[in-house]
Amino acid sequence: AQTVTQSQPEMSVQEAETVTLSCTYDTSESDYYLFWYKQPPSRQMILVIRQEAYKQQNATENRFSVNFQKAAKSFSLKISDSQLGDAAMYFCAYIAGNQFYFGTGTSLTVIP
Amino acid sequence: NAGVTQTPKFRVLKTGQSMTLLCAQDMNHEYMYWYRQDPGMGLRLIHYSVGEGTTAKGEVPDGYNVSRLKKQNFLLGLESAAPSQTSVYFCASRPPWRRSTDTQYFGPGTRLTVL
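Here the structure is a predicted model, which means the values were calculated and not measured.

Draft legend 1. Focus on the overall build of chain A. In terms of helices and strands, chain A carries 0 helices and 12 strands. When its helices and strands are written in sequence order, chain A yields β-β-β-β-β-β-β-β-β-β-β-β. Along the longest, intermediate and shortest principal axes, the C-alpha atoms of chain A span 40 × 25 × 20 Å. Counting all 112 residues of chain A, 50% fall into the buried class. Counting only contacts in chain A whose residues sit at least 6 apart along the sequence, the fraction spanning at least 24 positions is 54%. A total of about 5300 Å² of accessible surface is found on chain A, and carbon and sulfur atoms cover 45% of it. When the 8 positive and 10 negative side-chain charges of chain A are each reduced to one mean point, those points stand 5 Å apart.

Draft legend 2. Molecular detail of the packing of aromatic side chains. Within this structure, the stated rule accounts for 19 aromatic pairs over all chains. Measuring from ring centre to ring centre gives 6.3 Å for Phe68(A) and Phe75(A), while their planes differ by 85°; the resulting arrangement is edge-to-face. Under the relative-accessibility criterion, Phe75(A) is labelled buried at 0%. Centroid distance Tyr64(B) to Tyr89(B): 5.9 Å. Interplanar angle 65°. Geometry classified as edge-to-face. One end of the pair, Tyr64(B), is in the loop between β6 (56–57) and β7 (65–67); the other, Tyr89(B), is in strand β9 (residues 87–94), and 25 residues separate them in sequence. Taking the relative accessible area as the measure of exposure, Tyr64(B) reaches 8% and is therefore buried.

Draft legend 3. View of the nonpolar core. By size, the foremost hydrophobic cluster in this structure holds 27 residues, and its most contacted members are Tyr25(A), Trp36(A), Phe75(A), Leu77(A) and Tyr90(A). Taken together, the elements giving at least two residues each to this core come down to β3 (19–21), β5 (32–39), β6 (46–52), β8 (64–69), β9 (74–79), β10 (88–96) and β12 (106–111) of chain A. Counting residues per element, this core draws most heavily on β10(A), at 5 residues. Core analysis: the next-biggest nonpolar cluster, separate from the first, contains 20 residues, Phe91(A), Ile95(A), Phe102(A) and Ala92(B) among them.

Draft legend 4. How the structure looks around the interface of chain B and chain A. In this complex, chain B contributes 31 residues to the contact, which on the side of chain A involves 19 residues. Together, the buried faces of chain B and chain A total about 1900 Å²; carbon and sulfur atoms form 52% of this surface. Among the residues chain B hides against chain A, the three largest losses belong to Leu43(B), Trp97(B) and Phe106(B). Together they make up 27% of the total. Seen at the junction of chain B and chain A, the total is 0 salt bridges. Joining chain B to chain A, the criterion identifies 6 residue pairs in polar contact (both at pLDDT 80 or more). Broken down by secondary-structure element, the contributors of at least two residues to the side of chain B that touches chain A are β4 (31–38), β5 (42–49), β9 and β11 (110–114) of chain B. For the side of chain B that touches chain A, a count of residues per class yields 13 nonpolar, 11 polar and 7 charged.

Draft legend 5. Spatial organisation of unusual backbone geometry. Here Thr7(B) and Pro8(B) are connected by a cis peptide whose omega angle stands at -5°. Mapped onto the fold, Pro8(B) is located in the loop between β1 (4–7) and β2 (10–13). With phi around 55°, Asn62(A) is a residue other than glycine that occupies positive phi space. Within the secondary structure, Asn62(A) is located in the loop between β7 (60–61) and β8. When its relative accessible area of 77% is taken as the criterion, Asn62(A) is described as exposed. Positive phi, normally seen in glycine, also occurs at Lys73(A), with a value near 55°.

Cut-offs and rules
Residues numbered from 1 in each chain as written. Chains lettered and ligands numbered in written order. Predicted model: local features only at pLDDT ≥ 70, side-chain atom pairs only at ≥ 80, totals over all residues. Heavy atoms only, no water. Helix = DSSP H or I, 4+ residues; strand = E, 2+ residues; numbered from the N terminus. Buried < 20%, exposed > 50% of the residue type's maximum accessible area, 1.4 Å probe, protein only. Contact = heavy atoms within 4.5 Å. Areas by Shrake-Rupley, 256 points an atom, 1.4 Å probe, with all protein chains shown as cover. Lys, Arg positive; Asp, Glu negative; His and termini not counted. Charge placed at Lys NZ, Arg CZ, Asp CG, Glu CD. Phe/Tyr/Trp six-rings, centres within 6.5 Å; stacked < 30°, edge-to-face > 60°. Core = buried A, V, L, I, M, F, W, Y, C linked by side-chain atoms within 4.5 Å. Buried area = accessible area lost by both parts, 1.4 Å probe. Salt bridge = Lys/Arg side-chain N within 4 Å of Asp/Glu carboxyl O. Polar contact = N/O pair within 3.5 Å; in protein donor to acceptor, adjacent residues only side chain to side chain. Nonpolar A, V, L, I, M, F, W, Y, C, P; charged D, E, K, R; others polar.

Put into structure tokens, the structure is as follows:
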């Protein structure tokens, strides 16, 4: 079965600090892509970062970076210098073949 | 470019009624998806399409039908609505993976309540 597990339903971080959101997945595919999406209260799904499974180098996008451990099927998101605008639901997801699979999300609160 | 649009944004149905949700994209994307989002469940794939005239079942297809008669439109139908179908529905589209920045593009969502 294809699954994505986000074991932290809620997280909080002080403004300007660093936080890491966890994600593990299970797939039998060898070729896939991994994503982190952000969903603010507006409900709009926003891509944060993307990682190709065949690339060993961890993706980075400004203050956002991932720790991709393919053998462990782990894909965590690190947010550095957290800002108030980072407060949102964060979803981990991957695509294998043509189907996307999403985790249940982590609600991130940023404390001023 | 409008991106991905969904019609309607809100809808209230009575049990047993039918309705169609429309998704339209103006990016000439081949792939289109319908998801539902429930509290604590994340997004679950209902149906998807890999091109005009094609459809396929996702993770939770029961009670829904879809059609992709035109490349830019992907319709989601509920023939006989049930309270369990109360949810927020998202449509998404994407190109084939060619560039490192390719991803899904989501619509704004439709909040459906079935009484």
